[in-house]
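Each chain is listed here by its residues.
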Amino acid sequence: MKQLVREAVAHNNNLQATAHRLKATREGTIGARAARLPSVSGRSGYSTSRSGNGSASSTTSESYSLSLNASWEPDLWGRLRDLDRASYANYESAVADFRGARLSLAVNTAKSWANLIAAQQQLDLTTTTLSSFQDNLRIIERRYRANLLRSVDVQFGRNNVAAAERDLRNRMLSRNEAARSLELLLGRYPSAALQSSSQLPRMKPNVPVGLPSELLARRPDLTAARLDVYASAKRADAARTDLLPSLRLTGASSNSSSASSNLLNPEYLTWSIASSLAQTIYNGGAPSADARAALEQNRAAISSYVQICLVAFQEVESALETERSLAEQEKFLRMEVEQAGLAEKQSERDLAMGIEGSTVLEILEAQRRAVNARASLIRLRNDRLQNRLHLHLALGGNFETSK
């Protein structure tokens, strides 16, 4: 199972797409950081012209130009710094989302592996059941030919065999679909060629008592939600300081000459430095509305975080209660399987020995109960494993690691 999880993490296409989007988000943080730094641009040009006047000789002139411009907005009120921090928090939130996607993929791969094993066990059980029904049918037919049973008993036996044949095809289909689902997670072609082991993975018999609630803090979705709250708060601060005046410093230097050798000559250089202070006086209330909207977005992020926390606790509580319930159910189901198996063997023995009072309906009912109990035990054991994996997902990891 661990090998399959590693393969899924390395080759799953959806996870790789998420990784590429994460890299794109990381590149986006450069823009917010660059806004706090000076920007410099340069430009060069060359032009040539020719003029003539009838039969007079023509003249040709050339012109070269070089310019350099720089601008910088000093972050007087911390607005650009807040936007930079908000952008980086969004990137860290995306990192947490990627961790969540990777953890979810690992858990779903393990669940799919368990489903494949359970489907294979159900297929093996159906194969064994069909063989048992066929053996019983031969006994019924032999006793019918000896005039010890009625024709309706033969029909019941044949009905059981036909039902088992049909169930065998259905189990084969379920097994192949489970294999294809797992292969899709692994990034393989869904050919249903993946083989499973015969036994479900072992798990710890009991969940440790007194799990600390601090384990939930490592959940990627909670981490992402906390970072979203922080980012929205910084954007609210930036929107508020955007109401204050802004200062911009600009500088320009240029040179223009008919000779390229003079482009770098200081005597031909012109330059200028300027500063400007801007303040919005009236814009229909739009800046104030943007600041209020950013504050409401922050409040919405806080409410969303609280709800995500409640959902996390609900998932853990439900998984723990389901763990206890399924463990208790398995105790009774084991007893049911044991008693159904004993009844099946005894009814088969009674019918084969011709003991008075034994009937075909009795053995068919015993077989039906035994098969149903065994199939239910396979399902319940898989359900316990699925729930344990869901508990790990709800906790954001195992029972010990804090990160």
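Quick caveat: nothing in here was measured; it's all calculated off a predicted structure.

Calculation rules
- Residues numbered from 1 in each chain as written.
- Predicted model: local features only at pLDDT ≥ 70, side-chain atom pairs only at ≥ 80, totals over all residues.
- Heavy atoms only, no water.
- Helix = DSSP H or I, 4+ residues; strand = E, 2+ residues; numbered from the N terminus.
- Rg over C-alpha atoms; globule rule 2.2 N^0.38 Å.
- Contact = heavy atoms within 4.5 Å.
- Expected span 1.5 Å × (residues − 1).
- Salt bridge = Lys/Arg side-chain N within 4 Å of Asp/Glu carboxyl O.
- Buried < 20%, exposed > 50% of the residue type's maximum accessible area, 1.4 Å probe, protein only.
- Polar contact = N/O pair within 3.5 Å; in protein donor to acceptor, adjacent residues only side chain to side chain.
- Phe/Tyr/Trp six-rings, centres within 6.5 Å; stacked < 30°, edge-to-face > 60°.
- Core = buried A, V, L, I, M, F, W, Y, C linked by side-chain atoms within 4.5 Å.

A. Region of interest: the overall build of the protein. If you tally the helices and strands in the protein, you get seven helices and four strands. Listing the helices and strands of the protein from first to last along the sequence gives α-α-β-β-α-α-α-β-β-α-α. Taking 2.2 N^0.38 as the reference for a compact globule, 403 residues should give roughly 22 Å; the C-alpha atoms of the protein span a radius of gyration of 38 Å, well beyond that estimate. Along the first, second and third principal axes, the C-alpha set of the protein runs to 130 × 65 × 40 Å. Long-range pairs, those at least 24 residues apart, make up 79% of the contacts in the protein with a sequence separation of at least 6.

B. Structural view of helix H3 (residues 79-145). In a regular helix each residue adds 1.5 Å, so 67 residues correspond to 99 Å; H3 covers 96 Å between its end C-alpha atoms and thus fits that length. Downstream of H3 by one or two residues, Asn-147 has phi in the positive range, about 60 degrees.

C. Main features of the pattern of salt bridges. Evaluated as defined, the whole model comprises 23 salt bridges. With a closest N to O distance of 2.1 Å, Asp-135 and Arg-138 form a salt bridge. With Asp-135 and Arg-138 both in helix H3 and three residues apart, this pair spans about one turn of that helix. Judged by relative accessible area, which is 35%, Asp-135 ranks as partly exposed. Residue Arg-138 is classed as partly exposed on the basis of its relative accessible area, which comes to 46%. One salt bridge in this structure joins Arg-334 and Glu-330, with 2.9 Å as the shortest N-O distance. Note that Arg-334 and Glu-330 are positioned in helix H6 (residues 286-353) at a spacing of four residues, about one turn of the helix. Residue classification places Arg-334 among the partly exposed positions, given a relative accessible area of 44%. In this structure, a network of salt bridges that share partners links the residues Glu-323, Glu-330, Arg-334, Arg-381, Arg-384 and Arg-388.

D. Inspection of the side chain of Asn-136 at higher detail. For Asn-136, the location among the structural elements is in helix H3. Taking the relative accessible area as the measure of exposure, Asn-136 reaches 7% and is therefore buried. A polar side-chain atom of Asn-136 sits 3.5 Å from a polar atom in the side chain of Gln-367. The contacts of Asn-136, once residues within four sequence positions are left out, are Glu-348, Ile-363 and Gln-367.

E. The arrangement of the environment of Leu-83 in detail. Here Leu-83 shows up in helix H3. On the basis of relative accessible area, Leu-83 is assigned to the partly exposed category, the value being 31%. Distance from Leu-83 to Ala-32, taken between C-alpha atoms, is 6.5 Å for residues 51 residues apart in sequence.

F. Molecular detail of the packing of aromatic side chains. Under the counting rule described, the total for this entry stands at one aromatic pair. On the basis of an interplanar angle of 50 degrees and a centroid distance of 5.8 Å, the ring pair of Tyr-88 and Tyr-91 is categorised as tilted. You can see Tyr-88 and its partner Tyr-91 sitting in helix H3, three residues apart, about one turn around the helix.

G. Examining the nonpolar core more closely. Grouped together as the largest cluster of nonpolar side chains are 24 residues, with contacts concentrated most on Trp-113, Leu-116, Leu-182 and Leu-186. Listing elements by their share of this core, those giving two or more residues are helix H1 (2-11), helix H2 (13-34), H3, helix H4 (151-185) and helix H7 (360-395). Counting residues per element, this core draws most heavily on H3, which supplies 11 residues. Here Leu-116 is in contact with Arg-175, Ala-178, Ala-179, Leu-182, Leu-194 and Ser-196, once residues within four sequence places are set aside. Val-207, Leu-222, Leu-391 and Phe-399 belong to the second-largest nonpolar core, a separate cluster that totals 11 residues.

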